[in-house]
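Residues per chain are reported as follows:
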Amino acid sequence: MNTTVLRPVLAILVAVVVAVTAGCSSNGPTLTISDPHVKAMPAGEMSAAFATLANTTGDDIDIIGARSEAAETVELHEMVMDGPAMTMSAVEKIVVPAGGTIVLEPGGLHIMLIGLSADLEPGDDIEITLVLSDGEEISFTAVVRDMPNAQESYHS
Amino acid sequence: MTESRSGSARVGRRGLLGVGIGLGGLAAGIGGTVAVDRVRTPDAPAALVDFHGRHQAGVETPIQAHARYLAHDLREGVDADAARRMLRLVTDDAARLCRAEPAITDQEPQLALTPCRLTVTVGFGPGWFSALGLTQKQPIGFQDLPPYEIDRLEERWSGGDLLLQICGDDPLVVAHAARHLSKTVRRFTTPRWVQQGFSTPMFGPDSPTPRNLMGQVDGTVNPSPGSDDFAEVVWAGSEAGWFAGGTMLVLRRIAMTMDTWDELDPHAQELAIGRTIATGAPLSGGGEHDEPDLTATDSSGLPLIPQFSHIARAASTGRGDRFLRRSYNYDEGITDGVVDQGLLFAAYQADLTRQYLPVQTRLAEQDLLNEWTVPIGSAVFAIPPGCAPDGQLGEGLL
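Residues numbered from 1 in each chain as written. Chains lettered and ligands numbered in written order. Predicted model: local features only at pLDDT ≥ 70, side-chain atom pairs only at ≥ 80, totals over all residues. Heavy atoms only, no water.

Participant: Go over the environment of glutamate 155 of chain B with me, naming the residues and quoting the values.
Facilitator: All names here are of chain B. Here glutamate 155 is to be found in the loop between helix 4 (126–131) and strand 3 (162–168). Relative accessible area serves as the criterion here: at 60%, glutamate 155 is assigned to the exposed category. Each C-alpha atom, one on glutamate 155 and one on glycine 377, is 7.3 Å from the other, the two residues being 222 residues apart in sequence. (Helix = DSSP H or I, 4+ residues; strand = E, 2+ residues; numbered from the N terminus. Buried < 20%, exposed > 50% of the residue type's maximum accessible area, 1.4 Å probe, protein only.)

Participant: Tell me about the side chain of threonine 184 of chain B, and please be specific about residues and values.
Facilitator: All names here are of chain B. If you trace the backbone, threonine 184 turns up in helix 5 (residues 171–185). Its relative accessible area of 9% is what places threonine 184 among the buried residues. Separated by 2.5 Å, the side chains of threonine 184 and aspartate 93 make a polar contact. (Polar contact = N/O pair within 3.5 Å; in protein donor to acceptor, adjacent residues only side chain to side chain.)

Participant: Could you give an account of the packing of aromatic side chains, with specific residues and numbers?
Facilitator: All names here are of chain B. Evaluation of the coordinates by the stated rule reveals twelve aromatic pairs over all chains. On the basis of an interplanar angle of 75 degrees and a centroid distance of 6.4 Å, the ring pair of tyrosine 69 and tyrosine 328 is categorised as edge-to-face. Taken together, the residues tyrosine 69 in strand 1 (residues 66–74) and tyrosine 328 in strand 7 (residues 328–335) connect sequence positions 259 residues apart. There is no split in this pair, since tyrosine 69 and tyrosine 328 are both buried. Each ring, one from phenylalanine 345 and one from tyrosine 356, has its centre 6.3 Å from the other, and the planes form 45 degrees; the classification is tilted. (Phe/Tyr/Trp six-rings, centres within 6.5 Å; stacked < 30°, edge-to-face > 60°.)

Participant: Help me get a handle on the pattern of salt bridges, residues and values and all.
Facilitator: Tallying each qualifying case throughout the model produces 22 salt bridges over all chains. Put simply, arginine 84 of chain B and aspartate 81 of chain B hold a salt bridge, and the shortest N to O gap is 2.2 Å. Of this pair, arginine 84 of chain B and aspartate 81 of chain B both sit in helix 3 (residues 80–98), separated by three residues, roughly a single helical turn. With relative accessibility at 15%, the residue arginine 84 of chain B sits in the buried group. Arginine 117 of chain B is paired through a salt bridge with aspartate 169 of chain B; the nearest N and O atoms lie 2.6 Å apart. With arginine 117 of chain B in the loop between helix 3 and strand 2 (119–124) and aspartate 169 of chain B in the loop between strand 3 and helix 5, the pair connects residues that are 52 residues apart, well separated along the chain. For arginine 117 of chain B, a relative accessible area of 1% puts it in the buried group. Members of the salt-bridge network, linked through shared partners, are Asp35 and Arg145 of chain A together with Asp92, Asp93 and Arg96 of chain B. (Salt bridge = Lys/Arg side-chain N within 4 Å of Asp/Glu carboxyl O.)

This is how it looks when you write it as structure tokens:
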């Protein structure tokens, strides 16, 4: 079992992007994850993580799941219009198109963390792992932020 | 928002095939548009001031047109770890905003995009060190000012544990940065006061010295940015330990009693200050930047520069009592039926006890200008050194 140091690190400024190579070969799918952040919430509550995902390859990348030790359950979600209101619903996958970019943001696609195992305090880090359709996994570190918005995720 | 080390277990196992430099990092480190906080020519003002460096920006930076100072107090229960987390976020936000990029979670990202020499400067008041159990690490010479007889200080303009000094040439960008950073720190702090000021901007050493609302040039005797003299006067040296590269700010809100000042004829105004209003030249003759001759007399033997004029009392005695003046004007319109104008007097020095207090003591004892100037606010802040792109403000302390 590998572990990653989760102590908040100093180097958040340069490493704005966590560029992680997903493939074990040089021609494997590559996803860069920039500005990952997660909403500060108390233990036991739900939260959501956001980032910009860029696919630098010529093939679509399908994200089919996610997990984190910071939460009991982690799901891929989107906000959709349900009559007059936005509601949240789980999606089976998030497709990052070849050469394209997907923004996970309040009011849109996001990574839902359900049942936080500890308080998420602003300025702390949590690690999140994305699972791709080809079985590859990509881990990244998201910094905890106060977010006055991103409220809709918590009403259902 | 993380570093490569935290990449992933998987990456660690396989070796990192490619660690990207983020878009933000690219702009910070490699992009050609990023200007350094150094001397420039008046006709080519650089639009971006590098947030990173040995010193924080916003001190040696030629004065921008607008300033907003925000003082906060630490919330009960905020400890050194929480303070470090807060500064981590402030550092990240400030670095992005100073690159004219939105901060993470920026809710008005469009307002961040105008390059306008934005600087964000962070400072710690005496209460910061005591609340966090860090009094042992308080920089030598950093202390609250003693009370002065001339003071009419109001709580609403005084004190504070944390200072955010935000300066730039576009007031909308400054307001946005202030709003965003206020949200970033509010989990950790409560707001104490906000003071806003304006100045004719300077773009380099050749820019004319700005004037205050009394019409006087203000800052003539400043050390020249980029010079060894400046470094010696303003920046704490290696003996300061973690504080090396930092500076100490004295920020005083000086109300100007403009209505009685207006009753003076121009020459009486000049005698109070010791300089001509028009050119800023000392009354002993020469140009603005010529040394005042405090011994010069007129034909009847009277001193050309009155003994109790502002510049005579403020003049350095040659014993290290100099500092950088980087003051802003304020104008709040009419308050209680009286014109509410004055100066956000900002003095920066390596050691305020050694450099500032002797001057303030002399001015408080005797200064003709005291008749028309009233200190109504006062605060001191230790401005920690700057940080590298992979660092954060307050490192070495927290």
